[in-house]
Structure formats: C-alpha cells, structure tokens
Amino acid sequence: MPPMHAWLDDLNIPYKTNEPLAPLTWYKVGGAAQVLAEPSSVQQLTALASQCHTADVPTRVLGLGANLLVADQGVDGVVVRLSDPAFRQVRIEGTTVVAGGGFELAKLVLTTARAGLAGLECLAGIPASVGGAIRMNAGGVFGDIGQAVKRVMVADATGQVYYRDRDDLEFSYRRTNIVARYILSVQFDLSPDDPKALIRRVKEIFLYKKNTQPLREGSAGCAFKNPDQPDPQGRRLSAGQWIDKASLKNFAIGGARVSDRHANFIITDRGCTAGDVITLINHVQKTVADRFGVALEREVVEWP
Ligand SMILES: Cc1cc2nc3c(=O)[nH]c(=O)nc-3n(C[C@H](O)[C@H](O)[C@H](O)COP(=O)(O)OP(=O)(O)OC[C@H]3O[C@@H](n4cnc5c(N)ncnc54)[C@H](O)[C@@H]3O)c2cc1C
C-alpha cells in the first residue's frame, strides 16, 4: 500500500497534516489530528472513506466539536470535517426541510422559525452541526431533534451511501440507532406556524439556556447523562443535582473545574489540558458513586 499522503494527494481532497483540533472544539483542549480532511463533495467523501477502509486507516467525523474531548496526544488516522458548502446547504420545500450534515444547527433553527415552520425551535441555544445533533439526538427539556426527522442520508465506513427512513429510526435520550459513520444530510418534517410566535419561542428558550448554563465558557455542555436511578425518596435527580449534592460545584483539577452555575458542566480555564478534564470527570464519577451509589455515564464523546 502506498503511504497515506500519496493516496490523499491522488484523491485531490483538501487536507492538512498534524492539524490541531483544540481550536475546533468547544473545550479548546487536546492534541492534533494526523490528518484533517475537508472533502468538497459526497463523491470525494465516499472515495476517501473507501480508501481509508482499504488501507485500514481509522476515520472520525468532527462536527462543531461541542460534545467532544480530544486527548492531549491527539488522534491517528483521518478526521473528516463537513465544512465545505457542499455539506452546508439548506433547502425548504413546503413543510419539508433538507439540511446538510455540516450545516449549523443554530442557523437551521432560525431559518425554519423565520420561514414559519415549527419543530426545531426547541433546539435553540444548542451548539451543533446538523450531523452532530443527529448523532447525539441533541435536545433537552423542550424536545429533541429526533422528533422532527423524516429521513437521513448516511455513508458507512466503506463509503457506501444509503438512506434511513423514519419508520426504522429510533431516537431516545442522547442516542439514535444510526450507526453509519457519516451523516450527510437530514430531511425534517415540520409544521406550519406563525413565524413571529416561533421567533419569540426561540428567544425564550435561548434565554432560559443562557440563564441556567455557562454558554460562554469552554465546555461540552453536560458532561454526564442524567441517571435513571432514583434517590432514597424515589425522586429522579439530574446528574447536575447529584454532583451538586456531592458538593463538587467549583471543584477544580488543574485547569478543569465543575461549573458553579450548572454542576453538570465541566469548564476549561486557560492552561487546561484534556488530561485535566479526564481526571476531573473520573473524580466526579468516583465521588458520586462512593457517596450515593449512583453511576454517572459520560455524555461527552472522547477521542481516541
Ligand atoms: C454550551 C453548550 C451547551 C450544550 N447544550 C446542549 C443541550 O442543551 N442539549 C444537548 O443535547 N446537547 C448540548 N450540548 C452538547 C452538544 O451541543 C451536542 O451534543 C451536539 O449534538 C454536538 O454536535 P457537534 O456537531 O458539535 O458534534 P461533535 O461534538 O463534533 O461530535 C459529537 C459526536 O458526533 C459525531 N458527529 C459529528 N458530526 C457528524 C456527522 N456529520 N456524521 C456522523 N457523526 C458525526 C462525532 O463523530 C462525535 O461522535 C451543549 C454543548 C455546549 C458546549
């Protein structure tokens, strides 16, 4: 097999080697990608996927980096970013909206609200690409993205493109049954509504998030999923409430700290490393498990 750079050059796909990933994530920590590739079409992406598969080179997809912790040593193989306009289109036909996997969720929320289409306003204030939002079934108390999805265009790790339709899709709390490596575009089925009322709703939800979460600091949103396990009184507490009960608000290790605003957010201060974040995550999990017997599952995706 020729060296990786030789076939990458042959594929004619824009790529960089040893590219720092920290600036492309919300935590702003972690190392570099051996290769960061930004294909300019579905054909380029599938050719790249196929070649990586043949050469046994690992591939990963980077969205907006809002739920991602990249290790300090970085990642081997190819990180694919759907940053080209080919993956950032949005099309509205009646109540159907098709958005590219690399399109920003925040823009999609505003575009659909302004067009008088309801169904995505519940996602206001969630930083994500459309592909990343589908992968994580992004959402919260107001609803999640899965409820509005009609069809998803994906490619598997070998570069095979296919569709997943509503009737065989499952979305639940921060998960979906889509296992294909690449989410290329998503078709949403929305319903007509008053644009002014929708914009008001978007603003309300955004303000709610702004008032309850540290949106301006380095974080990946909630570090842990809310556990099913009830407290001794039979109440279901959120992960943040368990962490708060363990008196861990503001607890810091190196440059990583538990937010005092929302205990499920781990904040990265200046000089923080991915190692600090991982050590703090481990500490929080151990403390909550030791004190209350509650197992907190990580929501943040870790690379490698
Ligand atoms: C301030 C803040 C607030 C947040 N609030 C919320 C919230 O209210 N609700 C919520 O659910 N989440 C929240 N999050 C977490 C984050 O916004 C979501 O998990 C979001 O879905 C991540 O999308 P992304 O594009 O950034 O994905 P990334 O972080 O880039 O990647 C996450 C995972 O998705 C995969 N992925 C990304 N794009 C694709 C693609 N095109 N195809 C296949 N796989 C892909 C990645 O490989 C990775 O496994 C918050 C995060 C922050 C920083």
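Residues numbered from 1 in each chain as written. Predicted model: local features only at pLDDT ≥ 70, side-chain atom pairs only at ≥ 80, totals over all residues. Heavy atoms only, no water.

### Section: the site of the ligand
Here is step 1: Surrounding the ligand, one finds 33 residues, the nearest of these being V61, P127, S129, G139 and K209.
Here is step 2: Between an oxygen atom of the ligand and a main-chain N or O atom of G63, the distance comes to 2.8 Å.
Here is step 3: S129 is positioned with one of its side-chain polar atoms (N or O) 2.7 Å from an oxygen atom of the ligand.
Here is step 4: Relative to its unbound accessible surface of 970 Å², the ligand loses 95% to contact with the protein.
Here is step 5: Mapped onto the shell around the ligand, the elements with two or more residues apiece are β3 (59-62), α4 (130-136), β15 (182-189) and β20 (301-303).
Here is step 6: It is α4 that contributes the most residues to the shell around the ligand, five residues altogether.
Here is step 7: Mapped onto the domain boundaries, the shell around the ligand takes at least three residues apiece from domain 1 (4-85) and domain 2 (88-212). (Near = heavy atom within 4 Å. Polar contact = N/O pair within 3.5 Å; in protein donor to acceptor, adjacent residues only side chain to side chain. Areas by Shrake-Rupley, 256 points an atom, 1.4 Å probe, with all protein chains shown as cover. Helix = DSSP H or I, 4+ residues; strand = E, 2+ residues; numbered from the N terminus. Domains from an automatic or database assignment.)

### What about the sheet that holds strand β18 (residues 256-258)?
Here is step 1: One open sheet holds the three strands; their spatial order is β17-β18-β19, and the pairing between them is antiparallel. The open sheet has two free edges, formed respectively by β17 (252-253) and β19 (266-268), since each of these has just one partner strand.
Here is step 2: One ladder, built from three bridges, connects β18 with β19; its direction is antiparallel. Across the sheet, residue V258 finds its bridge partner in β19, namely I266.
Here is step 3: Sheet strands touched by helix α7 (residues 274-292): β17, β18 and β19. Its angle to β18, the strand with the most contacts, is close to 30 degrees. (Pairing = 2+ DSSP bridges. Contact = heavy atoms within 4.5 Å. Axes fitted to C-alpha atoms, helices over the stretch in contact; angles between N-to-C directions.)

### Here we look at the domain arrangement of the protein chain
Here is step 1: As far as domains go, the protein chain holds domain 1 (4-85), domain 2 (88-212) and domain 3 (239-303).
Here is step 2: Averaged C-alpha coordinates put domain 2 and domain 3 at centres separated by 28 Å.
Here is step 3: On the side of domain 3, four residues touch domain 2, which itself brings six residues to the contact.
Here is step 4: Between domain 2 and domain 3, a total of about 370 Å² is buried, with carbon and sulfur atoms accounting for 46% of that surface.
Here is step 5: Looking at the side of domain 2 facing domain 3, the largest losses of area belong to M136, R174 and T212, adding up to 71% of the total buried there.
Here is step 6: One can count zero salt bridges joining domain 2 with domain 3.
Here is step 7: Here domain 2 and domain 3 share one residue pair in polar contact (both at pLDDT 80 or more) between them. (Buried area = accessible area lost by both parts, 1.4 Å probe. Salt bridge = Lys/Arg side-chain N within 4 Å of Asp/Glu carboxyl O.)

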